[in-house]
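Structural features, examined
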Amino acid sequence: MESTQEQPTTSQPKTTVESAVDSIEGEEVETKVETNVEEKKEEEKEEEEVLLDGPEEDGILGIDFGTSKVTVSIIYRSNEYPAIVRNDISDLSTTNVISFNGRERLIGENAVARVIAAPNATIVGVSSLLGVGEAGVKEALPAIDCGVDESGNVVLKIPYAGATSTFTPTQIAAMIFKRIQAYVKESEKKEILSCVLSYPPALTSEQVKELHTAAAIAGYNVLAAVPDYLCLSACWLIKHPLEEVEQEGVPATPEAKEGETPEETPATPEKEKVNKKVVFVNIGSTFTSVTLTTFEPQTISESQSDDLRFGGQDVDQRIFDFACKSIIAKGKADPSQNNRNRSRLLKASTKTKLLLSTTDRATVTLTTPDEDIVVPLTVAEMETACASEKVALKQFLVSFKKKIESEGAIDAVEVVGGGARVPFALKLIGEVFECKTSHTLDSSSSVSIGAALLGASKYTSYEVSKKLKAPSVGEVDGEAVVGDVSELVALEEEMVVRDTEVRQLGLTINELESLLFSLKDNLNDPKFKDFVEEEKKEDFASLVRKVEFWLEDQEGDEDVTLSEFEEKKKTLLTEGEALQPKLFERRQEIAKEKAKNEAEAAMKSALAGLASSSKKKDKEPKSNKQIGPSVHRRVVVSTEVTFPSSSSPTSTSTSHLHLPPCSLPSPTPSRDSLPLCDRSQLLQWAPPK
């Protein structure tokens, strides 16, 4: 048998075809690698776009444009909860009133006084005028002339800028929106235009469209217009996350080998969120809406919603009527026949309504120049005065409860709104729904807060979107259709410029009058005797009188411009300093010294307040609970005082004031006391060296 021996294999040179195949395979590998890199870059780009989705600007506004008040909230990408934007007088809401005064528009609290003084040029409850027609506007504003223009739009005829101007209710609403925009810019130090509007369910689609159009005229980027019950739902869900309960899992049975008995693996409990049903009762100024909302994981659904023409203003009116009867019975004049007394008594009635939510009896006080007229009022008397409203509210609530009987048990009844503190209303709500009412949401700001939350939840770049999922809320994407408003936008911008000029003109006139009075006083003041050059004293006095006469001639002249007053003030300062240089130098020295003393007094007062609060804290009994480290901080006070130079109205001089450092006990900061936008950045504290 022959033995066969294996021959060693030798590598044969590759043919041209084989080499080409290998080359192609190598190119495919390289192509695949390049493709994977490109796909990875595209994925990273998509992830980056997701993080930056939503409006370019960081910040979304929630605007509750109510009948009597307008409230605005703002949320940033890093915030978990919105903050309320304050207006020019630091109020959380702005009164929904606008008045035309000559060439200027007064909005908010500045316009309230003109409700009596100029009823033909003052508009109250702007949102209630949208889409109600000519008859509705006349009923709401009997003192204002109105009509219909060529396009069929209802217009208000207002005396403005020396003529009778016509504005639609939508334009009037846009004026309020524009002023709110200025408040936001002043508060946040930047312009934020992206917003979500809330509206009462009672509004028709046409009224919602007008509200949206008004915001567009003011320059807002309206992301959505949503009913107020959805805003309340979003706010409630953030405060009350759905509870999770463990559900029984399915036991797992692994495959067994031959001859072995399979063993069941214990079931792993699964967590599931519990659904909740909440009734929201929103008692506004003029309307009450009731909504049943079901909260499910990733879903907010509304099953029933009704509204009633009843609000806090109806209760105010009944208290007002009761007080009028009592005042007339005392032999006094009827307050309803005098516009000023009527306004005073209505304000007193609103105040009494709030007091009766915390006590059984209160007083309605009408303050007049001659005397204070006091009318005692109890809760029982208020309920008797509101008997018809009480009956209507009870029938409304009972009817709504019947509608939702098939929906199952109710978990909570949340009451919000300006009329949420009316005693008989709260009592009726509790009796009808057979449960205790809750008040976990802020009555005045929860709607605007919810609107901001809904807007932010649409975009993953906002932190709150991790807690509130907007895709489940279909209505948040419904936008009204707005036509071409470019002409109205231009007109509004023109009026804003005019308002600014009028306000600045008033300030300049006041400054010029004050300067004239001060210079006249200096000429005859013994303290300035050594600084007045006698040979030029008469020329200086003549200059002051000349400017004073010119100022008197401008009174009532609406054609005078701001630049004319600024030029006259500049001329007075320049020529006056040339005639009396020592006098102006002394005035500047006094101004510096006064500013320094005021700043020093303010700083000492602040330090004294800190010392006083620390002493009070030392006297309080110490708690066993350690809240934070007991530390001291080193305080170094430095302030900068700036004031105008007498030689040039545009230049300034600066003086620095340094107080010696001192060591004062400092209370531990509370997380809740920090601004919402800075809660993630707690103050860093260190003991003194």
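As shown above, the structure is provided for reference.
Criteria and thresholds
Residue positions are counted from 1 within each chain, in the order its sequence is given. Residues qualify for local features only when their pLDDT is at least 70, as the model is predicted, and side-chain atom pairs are given and counted only at 80 or more; totals for whole chains, interfaces and linings, by contrast, use all residues. Excluding hydrogens and water, the side-chain figures rest on all heavy atoms present in the structure. Here a strand pair is declared whenever DSSP counts at least two bridges between the two strands. Each helix is a run of H or I in the DSSP string that is no shorter than four residues. Each strand is a run of E no shorter than two, and both are numbered from the N terminus. As a rule, the C-alpha atoms of each element are fitted with a line to give its axis, helices using only the stretch in contact, and angles between N-to-C directions run from 0 to 180 degrees. What we call a nonpolar core is a set of buried Ala, Val, Leu, Ile, Met, Phe, Trp, Tyr and Cys residues that are connected through their side-chain atoms within 4.5 Å. When accessible area is computed with a 1.4 Å probe and restricted to protein chains, residues below 20% of their type maximum are described as buried, those above 50% as exposed, and intermediate ones as partly exposed. Angles below 35 degrees are treated as roughly parallel, those above 145 as roughly antiparallel, those between 65 and 115 as roughly perpendicular, and all remaining angles as oblique. Each crossing gets its handedness from the near helix: less than a right angle anticlockwise from the far helix is left-handed, clockwise is right-handed. In this analysis, two residues are considered to be in contact whenever any of their non-hydrogen atoms come within 4.5 Å of each other. Residue polarity follows a fixed list, in which Ala, Val, Leu, Ile, Met, Phe, Trp, Tyr, Cys and Pro are nonpolar, Asp, Glu, Lys and Arg are charged, and the others, Gly among them, are polar. Think of a 1 Å grid over just the protein atoms. A cavity is a set of points where a 1.4 Å probe fits yet cannot get out, a pocket is an open set with protein on both sides within 12 Å along at least five of seven lines, and lining residues have an atom within 4 Å of a point. Grid points are joined across faces, edges and corners, and a volume is the space filled by probe spheres set on the points.

Reading across from one edge, E6-E5-E7 is the order of the three strands in this open sheet, with antiparallel pairing throughout. Strands at the two margins of the open sheet, each flanked by one partner only, are strand E6 (104-107) and strand E7 (122-124). With direction set aside, neighbouring strand axes in the sheet form an average angle of 15 degrees. In this sheet, E7 lies alongside strand E5 (residues 97-101) in antiparallel orientation, the contact comprising three bridges. By the bridge assignment for E7, Ser 99 is matched with Thr 122.

One recurring pattern in soluble globular proteins is that nonpolar side chains are buried together. The biggest cluster of nonpolar side chains holds 50 residues, and the ones touching the most others in it are Phe 100, Ile 123, Leu 156, Phe 177 and Tyr 220. Where this core is concerned, the elements lending two or more residues are strand E1 (60-65), strand E2 (69-75), E5, strand E9 (154-160), helix H5 (169-188), strand E11 (194-199), helix H6 (205-217) and strand E12 (221-227). The dominant element in this core, judged by the number of residues it contributes, is H5, at nine residues. Of all hydrophobic cores here, the second largest spans 40 residues; its members include Leu 292, Ala 323, Leu 366 and Leu 377.

Unusually for a residue other than glycine, Ser 90 sits at a positive phi of about 70 degrees. If you trace the backbone, Ser 90 turns up in the loop between strand E3 (83-84) and strand E4 (93-95). The phi dihedral of Lys 189 is positive, around 60 degrees, even though this residue is not glycine. Tracing the backbone shows Lys 189 in the loop between H5 and E11.

For any two helices packed against each other, one specifies the crossing angle of their axes together with the interaxial distance. The geometry of helix H11 (residues 387-403) relative to helix H12 (residues 423-433) is characterised by a closest axis approach of 10 Å and an angle of 30 degrees between their N-to-C directions. Classified by the interaxial angle, the pair formed by H11 and H12 is roughly parallel. The crossing of H11 and H12 is right-handed. Contacts between H11 and H12 pair Lys 390, Leu 393, Lys 394, Leu 397, Val 398, Phe 400 and Lys 401 from the former with Phe 424, Ala 425, Leu 428, Ile 429, Val 432 and Phe 433 from the latter. In the contact of H11 with H12, the residues fall into 10 nonpolar, no polar and three charged.

Moving on, we get to empty space enclosed by the protein. Under the defined criterion, the tally for this structure stands at three cavities of 30 Å³ or more. Taken as a whole, the largest cavity holds about 60 Å³ of empty space. Taken together, 13 residues make up the lining of the largest cavity; nearest its centre are Val 72, Val 85, Thr 94, Ile 180 and Tyr 183. Only E2, E4 and H5 provide two or more residues apiece to the lining of the largest cavity. When the residues that make up the lining of the largest cavity are grouped by side-chain class, the tally is seven nonpolar, four polar and two charged. Of the pockets and cavities examined, the second largest cavity occupies roughly 50 Å³. For the second largest cavity, the full set of lining residues is Asn 87, Asp 88, Ile 89, Ser 93, Thr 94, Thr 95, Ile 107, Gly 108, Glu 109, Asn 110 and Tyr 183. Elements with a minimum of two residues in the lining of the second largest cavity: E4 and helix H2 (109-112). It is E4 that contributes the most residues to the lining of the second largest cavity, three residues altogether. Taken together, the residues of the lining of the second largest cavity break down into three nonpolar, six polar and two charged.

As a further point, take the pairing of E1. Within E1, six of the six residues are buried, which leaves it mostly tucked inside the rest of the structure. Neither face of E1 is exposed, since Ile 60, Gly 62 and Asp 64 on one face and Leu 61, Ile 63 and Phe 65 on the opposite face are all buried. Of the strand pairs in this sheet, E1 and E2 are connected by six bridges, and their pairing is antiparallel. Bridge pairing in E2 places Gly 62 opposite Ser 73. Here E1 folds back onto E2 in antiparallel fashion, the turn holding three residues. Sheet topology places E1 next to E11; four bridges connect them, and they run parallel. Paired with Ile 63 across the bridge in E11 is Leu 197.

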